[in-house]
Amino acid sequence: MRDLQPICFPGVRTRRPLLIAGPCSAETEEQLLRTARELAAEGVGIFRAGIWKPRTKPGGFEGIGVEGLAWLARVKRETGMYTATEVATRGHVEAALGAGVDLLWIGARTSANPFAMQEIADALRGCDVPVLVKNPVSPDLELWIGALERIYNAGIRRLGAIHRGFTWIDKSLYRNHPMWAIPIELRRRIPGLPLFCDPSHIGGKRELVAPLAQQAMDLGFDGLIVEAHCAPDSAWSDKAQQVTPDAFAYIVRNLIIREMTVTTENLTELRAEIDKLDDQLLELLTRRMRISREIGQYKKEHDMPVLQTQRYEELLARRAAQAVELGMDREFMRTVFQAIHEESIRQQMRILNNR
Ligand code: PEP
Ligand code: MN
């Protein structure tokens, strides 16, 4: 994807972060217009609202449908904001573009489905509209990249990705686990691709919007898409995570945007120190693997199974608890030791199967 074009709109500030804000769902014409006017007054240039809502379970509010497209057109006429909505089918794409929507995004439940992605891509062929692809619900970078590639192959060049967190088995502070390493790896794989963060869907609670937005800025994200509603507590969907336009403006004003290009002498020194520590980490891991292979040899000679679940559980729990005491995240340490253990097992299996 070498010839991607920036996502920018005449009259919308280009300085980081590019801001998209608006309610989870378009509910009524009044709600939409009121929210839009308040956001426009705060200087927001791109207005989001879900017209079709993919709900996990039937029976919830599934979106107002095409009727709401006329309201979005009115928002555009009356406030001058550009408009954005989620599309999941060919019909949505055609209706949204027909109604003059300026930016389309694809939701997390849709980007997980290659058939749906291909249908949308086919519908977009020949159109020149910016498209943002949310990560699929599962932490699967290849699936996310595949979804982006389908849209790119349809000729869309103003393409971007939205990080909205991932479904995860463990209970956590977040509605959707951020797993920052995945969008960071996406950036490494497709360097020119604009990255947006959706702190509303990651956090699931309004008090998490500000810290998550700041974290995204610190990680070099280009934009934010945030759910804002004129009366969040009475929203028809996702009420716990929506903020008022006023609160949104406050959050944005307080973001610290750190300059990414300057590096100082100090930083060079600190980076050299990190490199040295990484060398040591590698050396330690090599030694650990060697001992692990010796254990493998012993297990082989004594007909023991490779995986000894109880010892593994103890090891994970003990190291995770220690990590917390040392100021690190429990999940982080579990992930590190799971990865080490996996490689250990792989090396032992090789010894066992090598007769
Ligand atoms: C949304 O943006 O309102 C939405 C449905 O998000 P996601 O696809 O990330 O769940
Ligand atoms: Mn939502």
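Structural notes on the pattern of salt bridges
Move 1: Inspection of every chain in the model, using the stated rule, returns 19 salt bridges.
Move 2: Linking Arg-188 and Glu-185 is a salt bridge whose minimum nitrogen-to-oxygen distance equals 2.8 Å. With Arg-188 and Glu-185 both in helix 7 (residues 181-189) and 3 residues apart, this pair spans about one turn of that helix.
Move 3: Note on Glu-185: relative accessible area 26%, which makes it partly exposed.
Move 4: One connected set of salt bridges, linked through shared partners, spans Glu-29, Arg-37, Arg-74 and Glu-78.

Looking at the site of ligand 1
Move 1: Residues in contact with ligand 1, as listed here, are Cys-24, Arg-48, Lys-53, Glu-86, Trp-105, Gly-107, Ala-108, Arg-109, Lys-134, Arg-164, His-201 and Glu-227.
Move 2: Contacts to ligand 1 include Ala-108, whose backbone N or O atom sits 2.9 Å from an oxygen atom.
Move 3: Taking His-201, its side chain carries an N or O atom lying 3.3 Å from an oxygen atom of ligand 1.
Move 4: Out of a free accessible area of 300 Å², ligand 1 has 97% covered by protein chains.
Move 5: Per-class residue counts for the shell around ligand 1 are 3 nonpolar, 2 polar and 7 charged.

Some points on the domain arrangement of the protein chain
Move 1: You can read the domains of the protein chain as domain 1 (18-253) and domain 2 (267-352).
Move 2: For domain 1 and domain 2, the distance between their C-alpha centres works out to 39 Å.

As for helix 10 (residues 245-253)
Move 1: All of the buried residues in helix 10 are Pro-245, Phe-248, Ala-249, Ile-251 and Val-252. One side of helix 10 holds all its buried residues, which, seen down the axis, span an arc of 160°. The exposed set on the far side of helix 10, more than 90 degrees from its buried face, consists of Asp-246, Tyr-250 and Arg-253.

What counts and what doesn't
- Residues numbered from 1 in each chain as written.
- Chains lettered and ligands numbered in written order.
- Predicted model: local features only at pLDDT ≥ 70, side-chain atom pairs only at ≥ 80, totals over all residues.
- Heavy atoms only, no water.
- Salt bridge = Lys/Arg side-chain N within 4 Å of Asp/Glu carboxyl O.
- Helix = DSSP H or I, 4+ residues; strand = E, 2+ residues; numbered from the N terminus.
- Buried < 20%, exposed > 50% of the residue type's maximum accessible area, 1.4 Å probe, protein only.
- Near = heavy atom within 4 Å.
- Polar contact = N/O pair within 3.5 Å; in protein donor to acceptor, adjacent residues only side chain to side chain.
- Areas by Shrake-Rupley, 256 points an atom, 1.4 Å probe, with all protein chains shown as cover.
- Nonpolar A, V, L, I, M, F, W, Y, C, P; charged D, E, K, R; others polar.
- Domains from an automatic or database assignment.
- Arc of directions from axis to C-beta.

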